[in-house]
Amino acid sequence: GGIITQTPKFLIGQEGQKLTLKCQQNFNHDTMYWYRQDSGKGLRLIYYSITENDLQKGDLSEGYDASREKKSSFSLTVTSAQKNEMAVFLCASSMASNTGQLYFGEGSKLTVL
Amino acid sequence: GDSVTQTEGPVTVSESESLIINCTYSATSIAYPNLFWYVRYPGEGLQLLLKVITAGQKGSSRGFEATYNKETTSFHLQKASVQESDSAVYYCALGEGGNTGKLIFGLGTTLQVQP
């Protein structure tokens, strides 16, 4: 089996700060995803990547940058943290982009003071 | 637009009782949606419970079942006899367009099974 590791698990930032979340997977999966989950809302797709150096915008990409420099890693940057923002960011991967079977990490919780 | 609506939680049932968590979907821009149930157990990451990609078919896993009903646009999750270990958050999801890795999730339903 494999595992998805997200770092850090908890991230506290200041308003306007640039914050980066990292995700590593050892499944050797082609596709990786970043989802955001807010309290009372479902998961929303921010970015995904179907291969190394590929980036595709999801429904919630504004305010974020992403980077897929290696097949095994996918990072997400909040370009300017919003005051009182609080959300959980979930990284996921899948074997190919057409299976719907995603493997998720445990999440990174962001709090902006 | 495309969306998923599911039973609002928390849902509390006693061990060995039956369970149904409702899920309905709207897939206005997807000709052949794929449907999924994901589960998040305490302390673990979200994981796939079952999926069905063809209307009329039933998926099953760990004693749970769900039937893809295109007529009623539903994909309800059922289990005849729940166990305490089934306590978790359950998410219904819809596969969007040609890339079903892009999933549309419901809000999640927290299930609490009492011993």
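Here, the structure is the one placed above.
Summary of the structure given here. (Residues numbered from 1 in each chain as written. Chains lettered and ligands numbered in written order. Predicted model: local features only at pLDDT ≥ 70, side-chain atom pairs only at ≥ 80, totals over all residues. Heavy atoms only, no water.)

Right, let's talk about the overall build of chain B for a bit. When helices and strands are counted, chain B shows zero helices and 12 strands. Of the regular secondary structure in chain B, the N- to C-terminal order runs β-β-β-β-β-β-β-β-β-β-β-β. For 115 residues, the compact-globule formula gives about 13 Å, and the C-alpha radius of gyration of chain B, at 14 Å, lands near that figure. Principal-axis analysis of the C-alpha atoms places the extent of chain B at approximately 45 × 25 × 20 Å. Relative to all contacts within chain B whose residues are 6 or more apart in sequence, the contacts with residues 24 or more apart total 55%. Just so you have it, chain B exposes about 5300 Å², and 46% of that area is on carbon and sulfur atoms. Positive and negative side-chain charges of chain B, numbering 7 and 10 respectively, have mean locations separated by a distance of 9 Å. (Helix = DSSP H or I, 4+ residues; strand = E, 2+ residues; numbered from the N terminus. Rg over C-alpha atoms; globule rule 2.2 N^0.38 Å. Contact = heavy atoms within 4.5 Å. Areas by Shrake-Rupley, 256 points an atom, 1.4 Å probe, with all protein chains shown as cover. Lys, Arg positive; Asp, Glu negative; His and termini not counted. Charge placed at Lys NZ, Arg CZ, Asp CG, Glu CD.)

Residue and element names in this part refer to chain B. Reading across the sheet, the four strands line up as β3-β9-β8-β7 and stay open at both edges, with antiparallel pairing between neighbours. The sheet terminates laterally at β3 (19–21) and β7 (58–61), the two strands that pair on one side only. With strand direction ignored, the average angle separating the axes of adjacent strands in the sheet is 20 degrees. Relative to strand β9 (residues 77–79), strand β8 (residues 64–67) runs antiparallel, the two being bridged by three bridges. From the neighbouring strand, Phe64 faces β9, where its bridge partner is Lys79. (Pairing = 2+ DSSP bridges. Axes fitted to C-alpha atoms, helices over the stretch in contact; angles between N-to-C directions.)

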